[in-house]
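Chains, contacts and geometry: an overview
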Amino acid sequence: MAINLTPAAAERVRQYMRGRDAAVGLRLGVKTVGCSGYAYVVDLAHTVNADDTVFESNGVKVVVSEKSLPIVDGTEIDFTRQGLNEGFAYHNPNVRNMCGCGESFGV
């Protein structure tokens, strides 16, 4: 089991965490939405719950709940910039289909 951040993603998370002393890392999860099934939910992790798994990648902790872990296991998170757009990109080996707009996915 693993969740990996590219160096660019890890640096972006570190930048976002600066000045937010209560943050312990990045929380990665999924929620049920859209036409394909799931969408990624990303936020700062302020706590680690008993049912969480914590990974460390490029010096950043990534916290994943027990419920989300089977869906996101093996995911690599990158931070990309294209023109004026920037954001995280997810390379998840469990994804079998995506909706037309790219906002939701199925496993």
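Quick look at the structure, then. Everything numeric here is computed off the predicted structure, so don't read it as measured data.

Here we look at the sheet that holds strand E1 (residues 4-5)
- Spatially, the three strands line up as an open sheet ordered E1-E6-E7, and their pairing is mixed. Where the open sheet ends on each side, the last strands, each with one partner, are E1 and strand E7 (85-91).
- Pairing geometry for strand E6 (residues 76-82) and E7, over seven bridges, is antiparallel. Considered in E7, the bridge of Ile77 is made with Tyr90.

Description of the side chain of Ser68
- The topology assignment puts Ser68 in the loop between strand E5 (60-65) and helix H2 (69-72).
- Judged by its relative accessible area of 4%, Ser68 falls in the buried class.
- Once you skip the residues sitting within four places of it in the chain, Ser68 turns out to touch Gly29 and Val30.

Describing the pairing of strand E2 (residues 25-33)
- In this structure, E2 lies alongside strand E3 (residues 37-45), joined through nine bridges in antiparallel fashion. Paired with Leu26 across the two strands is Leu44, which belongs to E3.
- Bridge count for E2 against E5 is three bridges, and the pairing is parallel. Counted as the bridge partner of Arg27 is Val63 from E5.

What counts and how
Residues numbered from 1 in each chain as written. Predicted model: local features only at pLDDT ≥ 70, side-chain atom pairs only at ≥ 80, totals over all residues. Heavy atoms only, no water. Pairing = 2+ DSSP bridges. Helix = DSSP H or I, 4+ residues; strand = E, 2+ residues; numbered from the N terminus. Buried < 20%, exposed > 50% of the residue type's maximum accessible area, 1.4 Å probe, protein only. Contact = heavy atoms within 4.5 Å.

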